[in-house]
Amino acid sequence: VVLEEYIELMNYAFNPKIEGTLIVNNGIKSKQIRCRSVAKPSLVDKYNNYAKLDIELIADNPMWESAKEYVTGIGTTYNTLRFPMYFPSSMGYIYNQMKVDNSTRYNINPTIEIFSTTEILENVIITNETTDKFIEINRKIELEEKMIIDIKLKKAEIWKKNSNGIYEYSYNATNWLTLDSEWFELVPGENIISINKYLMSSTPLS
């Protein structure tokens, strides 16, 4: 019975209609590729307490990508001055840009996460200044929420913190994408990525 349950689980995981990510780690570096099963796994051999399955995978874009996650923060406040006031206060600048160097010869589809930490973010505009393409989503991000933009899958989602402080999927926000938005890529070389240009300002902190 347990073996049959595992086979059923494998059939679900390797559903030909579902694309997934295959990650290979040889101990030195990790690489990944988006692929899907050609057909449901076939049972090659079945023994008393285990079974051997044959799985054939296919990739629409047969290019391996690095599985290493590169994280760079933008829209972050950096303290610059502090005064001896009666209440905690400081001055800082919010930097809304970052430089991303694509050292490959190919365009890369990034995944972008936007957090709302100190105030509600009314709308989100992510721009690749290098290519002049932008993604604008007219949907606010409440406190304790984050938006995940997956350019590879062309979708935007809202995730919200639960009582344990863990982000859980809330709803799909792709429908709030503006008509003049374009799903940009990271081109070879230097890319300047910005979020909501109006964030570049001096601001009091508490």
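A short tour of the structure in this document, coming up.

Cut-offs applied
- Residues numbered from 1 in each chain as written.
- Predicted model: local features only at pLDDT ≥ 70, side-chain atom pairs only at ≥ 80, totals over all residues.
- Heavy atoms only, no water.
- Core = buried A, V, L, I, M, F, W, Y, C linked by side-chain atoms within 4.5 Å.
- Buried < 20%, exposed > 50% of the residue type's maximum accessible area, 1.4 Å probe, protein only.
- Helix = DSSP H or I, 4+ residues; strand = E, 2+ residues; numbered from the N terminus.
- Patch = residues over 30% accessible without salt bridge, like charges linked within 9 Å, V, L, I, M, F, W, Y side chains within 5 Å.
- Areas by Shrake-Rupley, 256 points an atom, 1.4 Å probe, with all protein chains shown as cover.
- Salt bridge = Lys/Arg side-chain N within 4 Å of Asp/Glu carboxyl O.
- Polar contact = N/O pair within 3.5 Å; in protein donor to acceptor, adjacent residues only side chain to side chain.

1. Description of the nonpolar core
The biggest cluster of nonpolar side chains holds 19 residues, and the ones touching the most others in it are Ile112, Ile114, Ile126, Met147, Ile149, Phe184 and Ile193. Mapped onto this core, the elements with two or more residues apiece are β9 (97-102), β10 (111-115), β11 (124-128), β12 (133-137), β13 (145-150), β14 (155-161) and β16 (189-195).

2. Some remarks on a nonpolar patch on the surface
A cluster of nonpolar side chains, Tyr6, Leu9, Tyr12 and Ile18, forms an exposed patch at the surface whose accessible area comes to about 480 Å². Note that Ile18 resides in the loop between α1 (2-13) and β1 (20-25).

3. Observations regarding the environment of Lys140
On the secondary structure map, Lys140 appears in the loop between β12 and β13. The exposure class of Lys140 is partly exposed, given its relative accessible area of 37%. Spatially, the C-alpha atom of Lys140 lies 4.9 Å from that of Asn123, the residues being 17 residues apart in sequence. Within the structure, the side chain of Lys140 is placed 3.3 Å from the side chain of Glu142, a separation counted as a polar contact.

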